[in-house]
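Next come the chains, spelled out residue by residue.
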Amino acid sequence: MRLTTIVIALGAFGEGEKMQEFAKRIEEEYRVLFCPLTGTEDELETELCDFFHSAGCSKSAALLLGKSRRLLLHARELNIATLACKMDDVEDFQGFPLVCEEVWDVDNRFLLRAYQREWDLPWDILETERLFVREETEEDLDNIYPMYDQPHIAKYLERPYDNRKDEVEYMQKYRKYVYGYYQYGLWHVIDKATGMPAGRAGLNPKTYADGKSGAELGYMIAEPFTHKGYCMEVCTAIMEYARKELYLTELFCLIKPENKISQHVAERLGFTFDREIEAEGKKMFRFYREI
């Protein structure tokens, strides 16, 4: 599936100068259509169908920008991806994965991500000189399971569910409630030169027993990509992403006391030992740094 068209259905708001400038800007990458809805609320679904038919626009390749909850729900029933645009304090957009207040300020990447989130497609997160980082899907499990059979990973990290069906269900919930809510999570790390999976790294929301909460940086690099500096490379980029894109100001790391290599990596990344805590019945070392 591929986003090709942005449909603006914002009524009079879509006619303003800012929206016209917005449309002109995004036209460099997407086809832009203004959808005038003139009928009653009961006619919305019919009007939408007629509009897409007359415009020759594929519903599965479009993102509809709307300010009416009812309109957006109708669009979803027609399998059209939507982006809720909050123009006043009247509409309640609870349940929509992404909501923007000043749509004319968003960029093309935000529009693409809104479309991908609606269709449960993985986001591209970042790339470094040697690595590419994206969200994970069930298809990645064929590569993930063998990683946890490697001794340096199996010794320190909890493996996925042995029952693949259980892990698939967990990943589906994770994408919805972690990726979907926090817009971050544990990601897939890919070696750009070979296209092979090199490990997993990312951020997880955590609340600790002592009451502290925040984003926890996690990382693992699988063979044959160990001892190449990949862990430092990807974690440095993730910390920069956390600061610039997610506006986080601090991060934690939770590491087993006997995992000296991961502790060394955390220290090289600028983390300092915070305290020993208990997590899921196990003694762990927590590291902390501001970003």
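This structure is a prediction, so every number in the text was calculated from the model and none was measured.

Digging into the sheet that holds strand β3 (residues 62–66)
- Overall, parallel pairing links the five strands, which are arranged β2-β1-β3-β4-β5 in an open sheet. Since the sheet does not close on itself, it has two edges, and those belong to β2 (31–34) and β5 (99–100), each with one partner.
- Looking at chain direction, strand β1 (residues 5–9) and β3 are connected through five bridges and run parallel. Looking across to β3, one finds that Ile 8 is bridged to Leu 65.
- Contacts from helix α2 (residues 44–55) reach β1, β2 and β3 within the one sheet, and its direction differs from that of β2 by about 135 degrees.
- Helix α3 (residues 69–77) rests against β1, β3 and β4 (81–85) of the sheet, and its axis sits at about 170 degrees to β4.

Things to note about unusual backbone geometry
- At the junction of Glu 223 and Pro 224, the peptide bond is cis and its omega measures out at 10 degrees in the coordinates.
- The residue Pro 224 is located in the loop between β10 (213–221) and α8 (230–244) in this model.
- Look at Gln 183: it is not a glycine, yet its phi comes out positive at around 65 degrees.
- Relative to the assigned elements, Gln 183 resides in the loop between α7 (164–182) and β8 (186–191).
- On the basis of relative accessible area, Gln 183 is assigned to the buried category, the value being 15%.
- Phi at His 227 is positive, roughly 60 degrees, even though this residue is not glycine.
- As for its placement among the helices and strands, His 227 is situated in the loop between β10 and α8.
- Residue His 227 is classed as exposed on the basis of its relative accessible area of 82%.

Examining the pairing of strand β9 (residues 197–207)
- When β8 meets β9, the two strands line up antiparallel, connected through five bridges. Counterpart to Ile 190 in the pairing with β9 is Pro 197.
- Turn length for the β8-β9 hairpin, with the two strands adjacent in sequence and antiparallel, is five residues, and the turn residue Gly 195 shows positive phi of about 75 degrees.
- The turn joining β9 and β10, which pair antiparallel and follow one another in sequence, is formed by five residues; a positive phi near 95 degrees is taken by Gly 211.

Some remarks on the packing of aromatic side chains
- Within this structure, the stated rule accounts for 13 aromatic pairs.
- With 5.7 Å between their ring centres and 90 degrees between their planes, Phe 51 and Phe 52 make a pair best called edge-to-face. There is no split in this pair, since Phe 51 and Phe 52 are both buried.
- The interplanar angle of 80 degrees and the centroid separation of 5.8 Å between the aromatic rings of Phe 273 and Phe 287 together place this pair among those described as edge-to-face. In this pair, Phe 273 sits in strand β12 (residues 272–279) while Phe 287 sits in strand β13 (residues 282–290), placing the two residues 14 residues apart along the sequence.

Re helix α9 (residues 260–268)
- Restricting attention to buried positions, one finds in α9 the residues Ser 262, Gln 263, Val 265 and Ala 266. When α9 is viewed along its axis, its buried side chains cluster within an angular range of 160 degrees and face the same direction. Exposed and oriented more than 90 degrees from the buried face of α9 are Lys 260, Ile 261 and Arg 268.
- Buried residues belonging to α9 abut β10, α8, β11 (250–255) and β13.
- Remark: Gly 270 follows α9 within two positions and exhibits a positive phi of approximately 100 degrees.

Criteria and cut-off values
- Residues numbered from 1 in each chain as written.
- Predicted model: local features only at pLDDT ≥ 70, side-chain atom pairs only at ≥ 80, totals over all residues.
- Heavy atoms only, no water.
- Pairing = 2+ DSSP bridges.
- Helix = DSSP H or I, 4+ residues; strand = E, 2+ residues; numbered from the N terminus.
- Contact = heavy atoms within 4.5 Å.
- Axes fitted to C-alpha atoms, helices over the stretch in contact; angles between N-to-C directions.
- Buried < 20%, exposed > 50% of the residue type's maximum accessible area, 1.4 Å probe, protein only.
- Phe/Tyr/Trp six-rings, centres within 6.5 Å; stacked < 30°, edge-to-face > 60°.
- Arc of directions from axis to C-beta.

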